[in-house]
Amino acid sequence: MTLPVAPAQNIIKTPYVPTPDSALRHKPSQPSLDDSSYFPPLNETPVGPSKEILKNLENSRSWTESDDSTQDKTKVAAASLPAPPAIPQAPPLSTPAPEVEQPPPASEPATPSLAVAEPIANKKLVALEKAPSLQRSLSVLSVASSVAVTSPSDKETWDRTLARVINGVVSIKATTTRPFDTESAGDYNATGFVISKEHGLILSNRHVVNPAPITSVAVFVNYEEIPIWPVYRDPIHDFGIFRYDPEKLKHIKVEEIELHPDAAHVGADIRVVGNDAGEKLSILGSTLARLDRHAPSYGVDSYNDFNTFYMQAASGTSGGSSGSPVLNIQGHAVALNAGGSNSSQSSFYLPLHRVVRAVEKIKKGEHVSRGTLQTEFLFKSYDELQRLGMDAKLEEECRARFPNASGLLSVIRVLRGGPASASRPDSDKHTGITVDGCTRVPGLEPGDILFSCNGKHLTGFVELWEIIDESVGEEITLEFFRAGKDGGASGMCQVVCRVQDLHSITPSRFLEIGGSTFHDMSYQVARSHNCELGTGVFCAASGFLLWSSWSRDFLLTAVDGKPTKTLDQFIEVIRALPDRKRVPVMTRPLGKTDEHIMMVDIDRHFFLAAVFERDDVAGTWNRKELGPPPAAEPEEVKPASPASEPEEDEDDPDALALDKIKSALVNVVCRLPYSVYGYTSASNFSGVGLIVSVDPIPLIVFDRTAVPTEMLDIRLTVSNKSFPGRVVYLGAFALVTFDRHILPQDVTVPTWDEVPLKVRDEVRVVGLTSDQLLVTKDSTICSIGMNFNTKQCNPPRHRLINAENINVLEAPSCWGGVIARKPSGPSDTLKVSAFYMAVSSQNRGGDDVCWTQGLDIQRYIMPVVKKIQAGVESGNPQPVEPSTRDLGIEFADMSLSTVSTMGLSEQRFKGFVKAAKKFRGNPRPLVVETRLRPLPPGADEEETLKIADIVLEIEGKPIYRVSELTDLRLEDKETVEVIVLRGRKEVKLTIPTVRSWPSSSNTIVQFFGAILHATHSAALEQVAPTATLVPQNTPGVYVGGVSYGSPALDNIRPTHWILEIDGTPVDSIEDVLALVKEKRWQQGEYVRVKQVSRKGITSLVSVKVDERFWPTLCWIKDAENAKEGFGWRQERWSGEEFVEPFDEA
């Protein structure tokens, strides 16, 4: 029977992330079944108590009751035992402890002393001895009770100690500005404590100090806040060090907390002081229960510690307590809080032996050398080692050498190509010879049992790494036991290997391009996936470059046919590629051997390209921008491919008609660089369009689900050819054009049906899949009207309203195509009546939903196409969103039977019935659903259209269908006469028309990581009538999105409007840019931002300036280059002082 260990998914690091949507932390992958050979087993066999310790416990004079978990595991043995006597008061800490022989001082004890542990009942120990298997399953480190009895004198001592040390504990607020290695961008809270007042050093966890670029501050107990910066983070062990300027502390006397790693022992009463669950200060008490726990596993894709012991206690620390000191009653730090288990309320602490060494070197200004063999060891008990083949004689020698040790280190993993791997280039050096009875072998293997290093016998991690860390670049000799293979003899072996600099395989720079982050693969990632280092560039975030914002689980091995095994190779290839060039990229998923190819569009127009390199002395990252990309070579315009000759099986008229329609269907894939106008950059936008014109320019109609806005990159696929496109119109649908010279000759515009569809008409729905496969379905028109209304979305985005939809009884499995009238004879052609499009909205739960419906081409699409064609021919092209006028109302429809009970006259009733017969539909009068814009202040609501008004006439024309609104031609009318049914009476109103509000804008700005643009129409729809501060007569400054890791995160809120910046009102994006140019805020300065929500709630926040990572950028629609397909121009407005030229060397 073995003690259970929490699975990886239940073990957590404990920085505190405020809200799930404010800082998306990368979720660790679930451990897969094939990971068992690379990770320690989930069920470990703890070390049993030594005979000397049991003897000392038997001689103890007092009794204590074992904890409940121990009772459950020993209930069989304890069933016949009498109840123990009452527990007396615990002896004071000054009680002399029984002497127990210890290993050499440099050794980290595998079975630490129970000198001050609560004594355990003699009869309990007898019961344990009678159950050997159970005895082995109970670690001596968990035998002591986790229920500590504190005497009054101890309580007073603790009170004095805690009152003193809390002045040295700080709350850490940090932001990871870029995804890097195993870390994602975002905010978090944690804890640290001062270890040197003179040098301004704060100790915390490695996953707090972070290998990624961060900005951070420390908050002392008196709420005094100072900036801190990382000066060291260990590549493997979970500790790191911040530095602060002691001169900047004005109002607190800082307490320095000393590090005493050797003071940790089982049964010690401890306190964990820190920022627990985001609280400013929390004090949790417990008792050290184990010192020899395996390092916890946080998941395959997360940072993990290894090659060390961990301590364990039942303190139940949670998010935010990472980096808290584990204090003894003297106020000394005996360990560092690192993580915990969700399933058992256990906390895990890092021993401080290697921390002390690093701190001393940093105090002296020395480099902290760290060596590695790219090998992972695990401590195993002698029983386990016997099962691995070690004979009893060797065990006796080890026990005699180290009486208190209960096991040795065993190899569990050797990374391919590493210094201790048999596959390394010089592995054959001096192999095959015998030295002092040890056979020289090429390298280490899993299962090897380590005995000595450089002739020094050892049993723990600390002794081994004392040698390795001081031998970087030098050869060391390891002696170990290896079990025989294939019936061969077992025996002692020896390997000579050169220690590698661990820092050299820990990345300290990255390339940012196209919103992606790339760097050399780290030892952490390579270990987790058993990959050889130097075999590819790691993608920490694929961003816009690879058109997938959250992918981060692969390596890039080649780009444009050139190898990219290292970051330097990758930078060299990228610098030679022009903007927008489409190149092949070879990728390999982590932990896999097969490579895959994908096509990538190089992006240098929406994002800056820069190399960031860490400077540990200054605690910053130096930014070196690559400069402009090379100019694209002029491509030879190849003549369009001729139409293919009809084959023998193409003489079927029906097949020829379908081929004609297929040639006009287009697949599209769009990617947004930033979250704007209610659309998120993490979403994929794709669909099917229809070519509606080829002369004078080609035009393709798409739904707004596929082409949501204008600031994006578009990839079209027409007749198996792929090329970019650009938006020329946005409304109820989108129109996209492309270079006419690359239009295949076999593409033809379909024949349009001039007769409107009616209910029960037989039609054929023709669609296209993403694989360019044609799908068809014969069906029937089942309804025409407004059966499916879109709902207001959060965040607000464009939605299809006031448009008549055409619905079919059955449809093929596709997201776009055409609805064609079914030919009456074999010689008739398929005439397209409607564009079959996708419509998106949200349900009541806020989840995105999508469905398909038809849109009448002749009524809605062709009038817009003709205007664009006329503008191109006249040399005066119309804008993407031409200004129009409407009633500012969203309509719905209602059954005539319901309206008839609301006072509808008989004459009106007959008119609706007669009009519905013309298209064989159901009569459904229009009703006012919502206002698209709030009423202006002072407007008389009785003189305007009100919710639930039934619209009967507009401008003297009866309105029976929503499609009849297109006949009104409201562009040149300031007011219209409307007759509505209200309160069982017909009311005549004079309604002013309103200028339609655009759904996009010409300028977009990145401001401290917030993406700002002018107000779009969907946002105004949701403004509450009482939200008078929301700008309605000016363009406004709307927050479309906030980037993870930016200063704006959790401060400037998406879907809000910015009203003031540092007290200065801003009414437009141009006002923001002018203020940026005027103020020139300094790095680290705080800027006040006043904002308002759609409900009218205002808030004032402060945002920290970070021009190094988040300069002010502006993207402006470039009309001059729009014809060439570029469309947008990027400008930098701040942060030039942090840009260095890229040095090729």
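Quick caveat: nothing in here was measured; it's all calculated off a predicted structure.

Counting 72 residues, the largest nonpolar core has Leu690, Val707, Leu716, Leu735 and Ile861 as its most contacted members. Broken down by element, the residue count for this core peaks at 7 residues, all from helix 16 (residues 857–874). Residue contacts for Ile861: discarding those within four places in its chain leaves Val692, Val701, Phe733, Phe835, Leu855 and Asp856. Formed by 32 residues, the second largest nonpolar core is a distinct cluster that contains Val165, Phe193, Val231 and Tyr232.

Here we come to unusual backbone geometry. Trans is the common state for peptide bonds, and a negative phi is the common state for residues other than glycine. Along the chain, Asp695 connects to Pro696 via a cis peptide bond; the corresponding omega equals 10°. Tracing the backbone through its elements, the reader meets Pro696 in the loop between strand 35 (685–693) and strand 36 (699–702). For the bond running from Asn794 to Pro795, omega is 0°, close enough to zero to count as cis. Positionally, Pro795 belongs in the loop between strand 42 (774–785) and strand 43 (805–808). Positive phi, close to 50°, is recorded for Ser719, a residue that is not glycine. Structurally, Ser719 can be placed in the loop between strand 37 (713–718) and strand 38 (721–730). On the basis of relative accessible area, Ser719 is assigned to the partly exposed category, the value being 24%.

To continue, consider the sheet that holds strand 38. Pairing in this closed barrel of 6 strands is antiparallel, and the strands run 34-35-36-39-38-37 around the ring. Across this sheet, the average inter-strand angle for adjacent strands is 40°, counted without regard to direction. In this structure, strand 34 (residues 665–671) lies alongside strand 35, joined through 6 bridges in antiparallel fashion. Pairing of Val668 across the sheet is with Gly687, part of strand 35. Contacts from helix 15 (residues 653–664) reach strand 34, strand 35 and strand 37 within the one sheet, and its direction differs from that of strand 34 by about 25°. Sheet strands touched by helix 16: strand 35, strand 36, strand 38 and strand 39 (734–737). Its angle to strand 35, the strand with the most contacts, is close to 70°.

Turning our eyes to something else, we now look at the sheet that holds strand 3 (residues 186–196). One closed barrel accounts for 6 strands, arranged 2-3-4-7-6-5; its pairing is antiparallel. The average undirected angle you get between the axes of adjacent strands in this sheet is 40°. Sheet topology places strand 2 (residues 169–176) next to strand 5 (residues 214–219); 6 bridges connect them, and they run antiparallel. Each bridged residue has a counterpart across the sheet, and for Ala174 the counterpart in strand 5 is Ser216.

The topology assignment puts Gly1063 in the loop between strand 58 (1057–1061) and strand 59 (1064–1065). Separated by 25 residues in the primary sequence, Gly1063 and Arg1088 place their C-alpha atoms 7.3 Å from one another.

Orientation of helix 9 (residues 353–363) relative to helix 12 (residues 461–469), taken along the N-to-C sense of each, is 30°, at an axis distance of 10 Å. For the element pair helix 9 / helix 12, the angle class is roughly parallel. Of the residues in helix 12, those touching helix 9 at His353, Arg354 and Arg357 are Val462, Trp465, Glu466 and Asp469.

What follows concerns helix 18 (residues 906–917). Helical geometry: 3.6 residues make up each α-helical turn, so side chains three or four residues apart lie on a common side. With 12 residues, helix 18 extends 17 Å from end C-alpha to end C-alpha; this agrees with the ideal 16 Å at 1.5 Å per step. Taken together, the buried positions of helix 18 are occupied by Arg908, Gly911, Phe912, Ala915 and Ala916. Take helix 18 and look down its axis: the buried residues cluster within an arc of 125°, on one side only. The outward face of helix 18, more than 90 degrees from its buried face, is lined by the exposed residues Glu906, Gln907, Lys910, Lys914 and Lys917. At its buried positions, helix 18 is contacted by helix 17 (896–900), strand 50 (950–954), strand 52 (975–982) and strand 53 (985–992).

Structurally, Asp187 can be placed in strand 3. At 2.7 Å, the side chain of Asp187 and the side chain of Thr175 are in polar contact.

Attention now goes to the packing of aromatic side chains. Applying the stated rule across the entire model yields 22 aromatic pairs. Centroid distance Phe510 to Phe612: 5.0 Å. Interplanar angle 15°. Geometry classified as stacked. Taken as a pair, Phe510 in strand 25 (residues 509–513) and Phe612 in strand 32 (residues 610–615) lie far apart in primary sequence, 102 residues in all. The class for Phe612 is buried, based on a relative accessible area of 0%. Grouping aromatic residues by their ring pairs yields a cluster made of Phe180, Phe510, Phe612, Trp621 and Phe1109. When the ring centre of Trp1110 is taken as origin, the NZ or CZ atom of Arg178, which lies over that ring, is 4.4 Å away. Sitting over the face of the ring of Trp158, Arg271 holds its NZ or CZ atom 4.4 Å from the ring centroid.

A word on the pairing of strand 57 (residues 1038–1042). In terms of residue burial, strand 57 counts as a mostly covered element, since 5 of its 5 residues are buried. Where strand 56 (residues 1010–1013) and strand 57 come together, 4 bridges link them in antiparallel fashion. Looking across to strand 57, one finds that Ile1011 is bridged to Gly1041.

Another aspect to go through is the pattern of salt bridges. As enumerated under the stated definition, the model contains 57 salt bridges in all. The closest approach of N and O atoms between Arg370 and Asp234, which form a salt bridge, is 2.8 Å. Taken as a pair, Arg370 in the loop between helix 9 and strand 15 (371–372) and Asp234 in the loop between strand 6 (225–233) and strand 7 (240–243) lie far apart in primary sequence, 136 residues in all. Its relative accessible area of 4% is what places Arg370 among the buried residues. Relative accessible area serves as the criterion here: at 1%, Asp234 is assigned to the buried category. Here Glu1131 ties to Arg1129 by a salt bridge, and the two come within 3.1 Å at their closest N and O atoms. For Glu1131, a relative accessible area of 24% translates into the label partly exposed. Judged by its relative accessible area of 34%, Arg1129 is partly exposed. Put simply, Asp234, Arg354, Arg357, Arg370, Asp469 and Glu470 are held in one network by salt bridges that share partners.

Basis of the calculations
- Residues numbered from 1 in each chain as written.
- Predicted model: local features only at pLDDT ≥ 70, side-chain atom pairs only at ≥ 80, totals over all residues.
- Heavy atoms only, no water.
- Core = buried A, V, L, I, M, F, W, Y, C linked by side-chain atoms within 4.5 Å.
- Buried < 20%, exposed > 50% of the residue type's maximum accessible area, 1.4 Å probe, protein only.
- Helix = DSSP H or I, 4+ residues; strand = E, 2+ residues; numbered from the N terminus.
- Contact = heavy atoms within 4.5 Å.
- Pairing = 2+ DSSP bridges.
- Axes fitted to C-alpha atoms, helices over the stretch in contact; angles between N-to-C directions.
- Parallel < 35°, antiparallel > 145°, perpendicular 65-115°, else oblique.
- Expected span 1.5 Å × (residues − 1).
- Arc of directions from axis to C-beta.
- Polar contact = N/O pair within 3.5 Å; in protein donor to acceptor, adjacent residues only side chain to side chain.
- Phe/Tyr/Trp six-rings, centres within 6.5 Å; stacked < 30°, edge-to-face > 60°.
- Lys NZ or Arg CZ within 6 Å of the ring centre and 35° of its normal.
- Salt bridge = Lys/Arg side-chain N within 4 Å of Asp/Glu carboxyl O.

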